[in-house]
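Notes for the structure review
Each chain, letter by letter, is given below.
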Amino acid sequence: MSTEDRPPAPRSLAEALRARGDAALGVLLRSRPDLITPVPTDLTQLATRAGTRASVVRALERLDRFALQTAEALAVAADPAAYGELLGLMAGDDPDPAVVAALPHAVGLLREQALVWGDDDRLRLVRTARELLAPSPQHPSPTGLGPTVQEATAGMSPGRIQEIVGAAGLASTHDSVSAVTALAGLFTDRARMSALLADAPADSLDVLERLVWGPPYGQVTADPAPRLRWLLDRGLLLPTAPGTVVLPREVALHLRRGLAHRAPEPVPPVVEAAAVHRPQVVDSAAAGQAYTALATVEELLKDWDEGGPAVLRAGGLSVRDLKRTAVALDVPEPAAAFWVELAYAAGLIASDGEADERYAATPAYDEWLEQPPAERWSRLVTAWLAATRTAGLVGGRDAKDRTLSALGPGLDRSAAPEVRHRVLALLAGLPEGAAPAAGSVLARLSWERPLRGDRREDDLRGRLAEWALSEAELLGVTGRGALSAQGRALLGAPAAPAPSPEGEPSGPGDKLPVHHHHRPAPLAPLSPAEQAVASAAAARLLAPLLPEPLDHVLLQADLTAVAPGPLQRPLADMLGVLADVESKGGATVYRFTPGSVRRALDAGQAASDLHAFLAAHSRTPVPQPLAYLIDDVARRHGHLRVGAASAYVRCDDDAVLSEILADKRAAGLGLRRLAPTVLAAQADPAGLLEGLRAMGFAPAAESAEGDVLITRALAHRTPPRTAPEPVPDGPPVPDDTLLTAALRAIRAGDIASTTPRKPGTAPAANGELPRTGAAETLATMQAAVLTGEALWIGYVNAEGAASQRVIAPVRVEGGFVTAYDHTADEVRTYPLHRITGVAELADDAD
């Protein structure tokens, strides 16, 4: 393209945005959704919003390390800077081919994000970004560079400047400006600068070496040492405040051989595989973990079935209740916090909202239990992927130094879903069966979102990534550290790349050097509808790998039963009543005790029912000791009857009642004999039952009609509850419909604000709406109907919002004008009384 054909260079960010097509603007609005919240009226307002501090900070924090390094280099370059100057700052005197190859992409990304505008010969960093990244004493630059010679000598006396110029071997000048320019020219001239430093004392060069990579400031006394005096006399160090000196930027760049950064990082770190396993082994291990996850959540909810721990006044679980839950689940406390938070995120537990508020299962838990195991797993991992609540923070401190508790406030971290998804996406980029080195995953994430400023002290993203890796293993999304087939399907990821022949391991634990120097396209987070499809696909892959529930146990002579695998739900529920769990693992051991058998009898089972149940579900004969235990407990069960007088005890054998009265342990029950076979008690029936059982008896409750009352624990459920909503990380990314409407509105407003007007009809300054009288407005509208000309109007809608529009009137009648609205690209009707004024457009306006 010739110089004459080249479009004029943009003079502002707004003009640069105006020159973009809709596709390029759409990319900007998707990557920075805060720019259309709310939708700006035109491109000038969009550019203004893109330069606000909050928006620029957010955009900078989402850059990768090399793009951020490029922005930092532009902040210390001239304004504007040519591409060649930027390349020199990034690649130095001996250009690295990787930097040269990556820089155009980084500049393109900064342009795309509206952080940089202008052609390659006049690159401009937006003013707010320059203020954030440029060096200052209060906010040192990440480059480690200090101020320029011109900035550092701004308050220096002309005489002192001339002395420095003379000591540096330059001719004196008539003014300070030319003297500073000459000094800066010396420092940027490689040959002359090398000659000047060749005469420097060795200890003076040592001082420069300590300051060259930053921080560039140092302290000096009122009488500097000779090595410092030599540098100060020649301007190689310049005073900035009493007792403080700085290394000028031009000097540092010479010593660095032109580099703005000590180590430019144009290529993302490689995610390395620490070990590789056969895919079948990975999927089987992940399936085993998935089954364990389901069993753990079921056990947690079963433990809270009759009402869980109390809710603290400030919300959440107490430390004591979390410890009890960890003991019940036989897991460490951090893992218990994770399972509790996972069940909460999936909507399976919530607060019951009663006066003595407690946590309990929700009605959704009962629905969840009825689903097939793979679908139950799918629901858990889908909730985990989207949850912003972060269990890893439990036990830490908030900003007010208060302990963060499980299920309590303060655990939401909006970056958590993005980090989890990115960690799994990095695993999906490895060959099938490859488990990554955790350090390489963290290094890659740190490159993709580098930490700036004070955030380095709290690497939240790093901790989120570590938790994501461990939680994915607990849930069975990964197996032995590698992404499973169902985990890959959960992301909607394509098939894994095959390992290279030279990288084939000789054993499952061997190292596999996987090197991906290219940058694969990252997997984008799925929409809710897409995630539902992906989760269903993951469940289908997992289902065949889960163990089939068994319909039998193995009874043993020591009053135990061994379940060699997962049991069918009716069998597991009944066995959970009839026996106590003694140990878990690959096989579960149940123990029968008098108390457990009595529990089954209290639940309405007869001895004959228990014998039949065990005979039907045991692969071994029912041992004689177990049969005797059942018969012995059943024989005494219900021999005593307890009812409400306040409470009473009746028994056909008056000797038993006499024995109870004589027992000192019965003193607290307030018993007295009403009849030879009846005792009255001051305790309530439940307390009386508990007291008599503690004394070794086996009483049964009875109803008012004298029938045995079967008592069973009632499941406590909360009212219907919805799962907690994730806390968004800023405004949501606009969908296609919203993006199209926003672009249309911005373009329309821009047309209205930039269309040329005829001389004498332009509104007042500052973009005010045109103002004309009602008669003039009507006459102009009627004339435009006849001529077909377009008009520029000001319009105030029913809500009082004012806007500018370009319309072509078609009909004026009844106090309304019907016109083709160029800004909305459709025919509309406007009440004339809401039009503030009208102006004719210039003849050459489009």
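See the structure printed just above.
Since the model is a prediction, treat every value here as computed from it, not as a measurement.

Thresholds, definitions, all that
- Residues numbered from 1 in each chain as written.
- Predicted model: local features only at pLDDT ≥ 70, side-chain atom pairs only at ≥ 80, totals over all residues.
- Heavy atoms only, no water.
- Helix = DSSP H or I, 4+ residues; strand = E, 2+ residues; numbered from the N terminus.
- Core = buried A, V, L, I, M, F, W, Y, C linked by side-chain atoms within 4.5 Å.
- Buried < 20%, exposed > 50% of the residue type's maximum accessible area, 1.4 Å probe, protein only.
- Contact = heavy atoms within 4.5 Å.
- Expected span 1.5 Å × (residues − 1).
- Arc of directions from axis to C-beta.
- Salt bridge = Lys/Arg side-chain N within 4 Å of Asp/Glu carboxyl O.
- Axes fitted to C-alpha atoms, helices over the stretch in contact; angles between N-to-C directions.
- Parallel < 35°, antiparallel > 145°, perpendicular 65-115°, else oblique.
- Nonpolar A, V, L, I, M, F, W, Y, C, P; charged D, E, K, R; others polar.
- Pairing = 2+ DSSP bridges.

Let us look at unusual backbone geometry. In this structure, P38 follows T37 across a cis peptide bond, with omega equal to 0°. Note on placement: P38 falls in the loop between α2 (22-31) and α3 (43-50). Note the cis peptide between D79 and P80, where omega equals 0°. One can find P80 in the loop between α5 (65-75) and α6 (83-91). For R257, which is not glycine, the phi torsion reads 60° and is therefore positive. Mapped onto the elements of the fold, R257 is located in the loop between α15 (249-255) and β6 (273-276). Phi angles above zero are rare outside glycine, and D330 is one such case at about 60°. Counting through the fold element by element, D330 comes out in the loop between α17 (319-329) and α18 (333-345).

Turning to the nonpolar core, a few remarks are in order. When a protein is soluble and globular, its nonpolar side chains tend to lie buried together. If you look at the biggest cluster of nonpolar residues, it comprises 90 residues, and the most contacted ones within it are L17, F187, L236 and L237. For L236, the residues in contact, after removing those within four places along its chain, are F187, M193, L196, L197, L208, W230, L231, V246, L247, P248 and V251. L322, F338, V423 and L490 belong to the second largest nonpolar core, which has 75 residues in total.

With that settled, the discussion passes to helix α11 (residues 176-188). The end-to-end C-alpha distance of α11 is 18 Å, a good match for the 18 Å that 13 residues give at a rise of 1.5 Å each. Three or more residues of α11 are buried, namely A179, V180, L183, A184, L186 and F187. Burial along α11 is one-sided: seen end-on, the buried residues are contained in an arc of 155°. Those residues of α11 that are exposed and angled more than 90 degrees off the buried face are V177 and T181.

So, about the pattern of salt bridges. This structure, assessed with the given rule, holds 32 salt bridges. Its salt-bridge partner being R127, residue E131 comes within 3.2 Å of it at the nearest N-O pair. Taken together, the residues E131 and R127, both in helix α8 (residues 127-133) and four residues apart, mark about one turn of the helix. An identical accessibility class is assigned to E131 and R127; each is exposed. Within this structure, R160, E163, R229 and D233 form a network of salt bridges that share partners.

A word on the packing of helix α16 (residues 279-303) against helix α20 (residues 373-386). Interhelical geometry of α16 versus α20 gives an angle of 80° and a closest axis separation of 10 Å. With respect to each other, α16 and α20 are oriented roughly perpendicular. Contacts between α16 and α20 pair A290, L294, V297 and E298 from the former with P373, R376, W377 and L380 from the latter. Tallied by class, residues from the contact of α16 with α20 come to six nonpolar, no polar and two charged.

Looking at the element boundaries, W230 is found in helix α14 (residues 226-233). C-alpha separation for the pair W230 and P201, spaced 29 residues apart in sequence, amounts to 8.2 Å. Not counting chain neighbours up to four residues away, the residues in contact with W230 comprise L196, D199, A200, P201, S204 and L236.

Our focus in this paragraph is the pairing of strand β4 (residues 238-241). Across three bridges, the pairing between β4 and strand β5 (residues 244-246) is antiparallel. Considered in β5, the bridge of L238 is made with V246. In sequence, β4 turns back onto β5 through a hairpin of two residues, with G243 there showing a positive phi of about 85°.

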